[in-house]
Amino acid sequence: MDALACSASNLSPLLGGAANATAAAEYICGRFEAVSNKFVDTGYAIDNTYLLFSAYLVFVMQLGFAMLCAGSVRAKNTMNIMLTNVLDAATGGLFYYLFGFAFAFGNPSNGFIGKHFFGLEAFPSPSFDYGYFLYQWAFAIAAAGITSGSIAERTQFVAYLIYSSFLTGLVYPIVSHWFWSSDGWASPTRTDNNLLFGSGVIDFAGSGVVHMVGGIAGLWGALIEGPRIGKFDHNDRPATMRGHSGTLVVLGTFLLWFGWYGFNPGSFVYILKTYGESGSYYGQWSAIGRTAITTTLAGCSAALTTLFGKRLIAGHWNVTDVCNGLLGGFAAITGGCSVVDPWAAIICGFVAAWILIGCNKLAEKFKYDDPLEAAQLHGGCGAWGVIFTGLFAKESYVNEVYPGKPGRPYGLFMGGGGKLLAAHIVQILVITGWVSVTMGTLFWLLNKLKLLRISTDEEMAGMDLTSHGGLAYAYHDDLDSTQKGGFMMA
């Protein structure tokens, strides 16, 4: 926010040319400048408070992930999966502080990777304040949390530490640099206006950057270490291995829903911004409200579609499937939440639900085992969200959210041509390639070094008992060593 200008030389003639007119003008301008600076300070405070509150909401999603994961695994692995969620946040915090933020937003830099702000050096700056780091860190650990669900119930604890550090410190930050930094080669906010296909990639809150990255990383981890024991019988038919607590699944889903109001609307970063003339009721605060509505409608549409779709396919109403469908709708709308109409968000959620159902059918066909359906949900629905934005982005909203370049392409179905869609197809391809090469190679190496999967005995007994000192739930009042079946901590 710029300070308002007042000049004593311009004001003094208006005071009647009295002897003390210049002094009076200087005094008035001094008071005017002080008031103006207070308004500037207030503007910064409002915007940073909004961003910090959004960061806190996104961080609440970690609790949502933890509860969702805990409820979706068997009771004997509850402590393990909750500990991995805690350490996603802890290791992610250190590695994003040391390297991740610099690789993502360290400008000026090249189009591939950032190169400033390591360890928050030179913070705060005119470009970034501490709140922005906190917000982006919460996004980074969300991507790591997605991956942990795919490889749950059969992964060595050391593998979690290694992949989480690598993902939050290098893999995810480079992707976010490409599409969100003002220097990124595919960013829609490039300062030189040399935009990919004249538009750049509009992935507002991360259908591709966050959800596809986490989902594809989890896909490779689960593929390389294979399905859980007992998931498929000798005829390759999938067995039902439901989680132990529908209550925790629903609790985690609602916490994620709540946190998504920081994830999507919070991605505006600023709230105190007008569109057009100052003094109007319409501004960025209105776009933020619209984004919250599109987020809500996409999730609701996906939940109801999944409810009736699974009823037709399976013959019963299943709360876990509905929760996953709801989250699939959220993952899909995340990319275009700020630039589409509410009616389009309903279409987004409807299609996302069927994509999730289809991806789960493919997973069964190819003997792929993902306890949280994370790769299908975040990878499949996230990719659909990237395509959806290229189809339904509205011209007026695109120009409001991404000003500065007249004639910017918008959604194909909205009359904006195919350039934005082409840029988004490129995004899907490069994210898939980058994450496959980096995370796929890491999981392959961990597997070769026998650091990825636990032993058969440990898997059968449960990781809580063999790796974490005891069960999450006390099934007996006095659980002594004879009741542990002979299994002790590895």
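Residues numbered from 1 in each chain as written. Predicted model: local features only at pLDDT ≥ 70, side-chain atom pairs only at ≥ 80, totals over all residues. Heavy atoms only, no water.

As a further point, take empty space enclosed by the protein. The final tally for this structure, using the stated rule, is three cavities of 30 Å³ or more. As a volume, the largest cavity reaches approximately 100 Å³. Looking at the largest cavity, it is lined by 14 residues, and the ones nearest its centre are Phe65, Leu68, Leu372, Ala374 and His378. Mapped onto the lining of the largest cavity, the elements with two or more residues apiece are helix 2 (21-72), helix 4 (130-150), helix 7 (246-263), helix 9 (319-333) and helix 11 (374-392). Looking at the lining of the largest cavity, its residues break down into 10 nonpolar, four polar and no charged. Computed from the structure, the second largest cavity encloses a volume of approximately 50 Å³. Taken together, Thr306, Lys310, Asp321, Asn324, Leu356, Ile357, Asn360 and Glu373 make up the full set of residues lining the second largest cavity. Of all the secondary structure elements, the ones that give two or more residues to the lining of the second largest cavity are helix 8 (284-314), helix 9 and helix 10 (342-365). Of all the elements, helix 10 adds the most residues to the lining of the second largest cavity, at three residues. (1 Å grid on protein atoms, 1.4 Å probe; cavity = no way out; pocket = protein on both sides within 12 Å on 5 of 7 lines; lining within 4 Å. Points joined across faces, edges and corners; volume = space filled by probe spheres on them. Helix = DSSP H or I, 4+ residues; strand = E, 2+ residues; numbered from the N terminus. Nonpolar A, V, L, I, M, F, W, Y, C, P; charged D, E, K, R; others polar.)

Once that is clear, we can look at the pattern of salt bridges. A complete count under the given rule lists nine salt bridges for this structure. A salt bridge links Arg190 to Asp192; its shortest N-O distance comes to 2.7 Å. A salt bridge links Asp321 to Lys310; the shortest N-O distance between them is 3.9 Å. Here Lys310 lies in helix 8 and Asp321 lies in helix 9, a separation of 11 residues in the sequence. For Asp321, a relative accessible area of 13% translates into the label buried. Given a relative accessible area of 21%, Lys310 falls into the partly exposed group. (Salt bridge = Lys/Arg side-chain N within 4 Å of Asp/Glu carboxyl O. Buried < 20%, exposed > 50% of the residue type's maximum accessible area, 1.4 Å probe, protein only.)

A few words on the layout of surface pockets. Estimated volume of the largest pocket: approximately 1400 Å³. As for the largest pocket, its lining consists of 45 residues, of which Tyr132, Ser267, Phe268, Val269 and Tyr270 are closest to the centre. Going through the elements one at a time, helix 2, helix 4 and helix 5 (157-180) are the ones with two or more residues in the lining of the largest pocket. With six residues, helix 2 is the single largest residue contributor to the lining of the largest pocket. Looking at the lining of the largest pocket residue by residue, the classes come out as 24 nonpolar, 15 polar and six charged. Considering only enclosed or pocket space, the second largest pocket measures out at about 790 Å³ in volume. In terms of lining, the second largest pocket is formed by 33 residues, of which the most central are Lys231, Arg242, Asp321, Glu364 and Glu373. If you list the elements that add at least two residues to the lining of the second largest pocket, you get helix 2, helix 7, helix 8, helix 9 and helix 10. The greatest single-element share of the lining of the second largest pocket, amounting to five residues, is contributed by helix 10. Of the residues contributing to the lining of the second largest pocket, the split by class is 12 nonpolar, 11 polar and 10 charged.

Once that is clear, we can look at unusual backbone geometry. Here the amide bond leading from Asn107 into Pro108 is cis, since omega sits at 0°, within 30 degrees of zero. Along the chain, the position of Pro108 falls in the loop between helix 3 (78-105) and helix 4. With a phi close to 55°, Phe197 is a non-glycine residue in the positive phi region. Relative to the elements of secondary structure, Phe197 occurs in the loop between helix 5 and helix 6 (207-225). We classify Phe197 as partly exposed; its relative accessible area is 40%.

Moving on, we get to the nonpolar core. Counting 116 residues, the largest nonpolar core has Phe101 and Tyr172 as its most contacted members. Aside from chain neighbours lying at most four places away, what touches Phe101 is Tyr96, Gly106, Phe117, Leu120, Phe123, Phe128, Tyr132, Phe133 and Gln136. (Core = buried A, V, L, I, M, F, W, Y, C linked by side-chain atoms within 4.5 Å. Contact = heavy atoms within 4.5 Å.)

Okay, the packing of helix 5 against helix 13 (residues 419-448) next. At a minimum axis distance of 11 Å, the contact between helix 5 and helix 13 shows a crossing angle of 160°. Comparing their axes, helix 13 and helix 5 come out roughly antiparallel. Seen from above, helix 5 lies across helix 13 with right-handed handedness. Contacts between helix 5 and helix 13 pair Ala159, Ile162, Tyr163, Phe166, Leu167, Val171, Ile174, Val175, Trp178 and Phe179 from the former with Gln427, Val430, Ile431, Trp434, Val435, Thr438, Met439, Leu442, Phe443 and Leu446 from the latter. When its residues are assigned to classes, the contact of helix 5 with helix 13 shows 18 nonpolar, two polar and no charged. (Axes fitted to C-alpha atoms, helices over the stretch in contact; angles between N-to-C directions. Parallel < 35°, antiparallel > 145°, perpendicular 65-115°, else oblique. Left-handed = near helix turned anticlockwise from the far one by under 90°.)

The next point concerns helix 4. With 21 residues, helix 4 ought to run about 30 Å at 1.5 Å a step, and its terminal C-alpha atoms sit 32 Å apart, in line with that. Within helix 4, 19 of the 21 residues are buried, which leaves the element mostly enclosed by the surrounding structure. (Expected span 1.5 Å × (residues − 1).)

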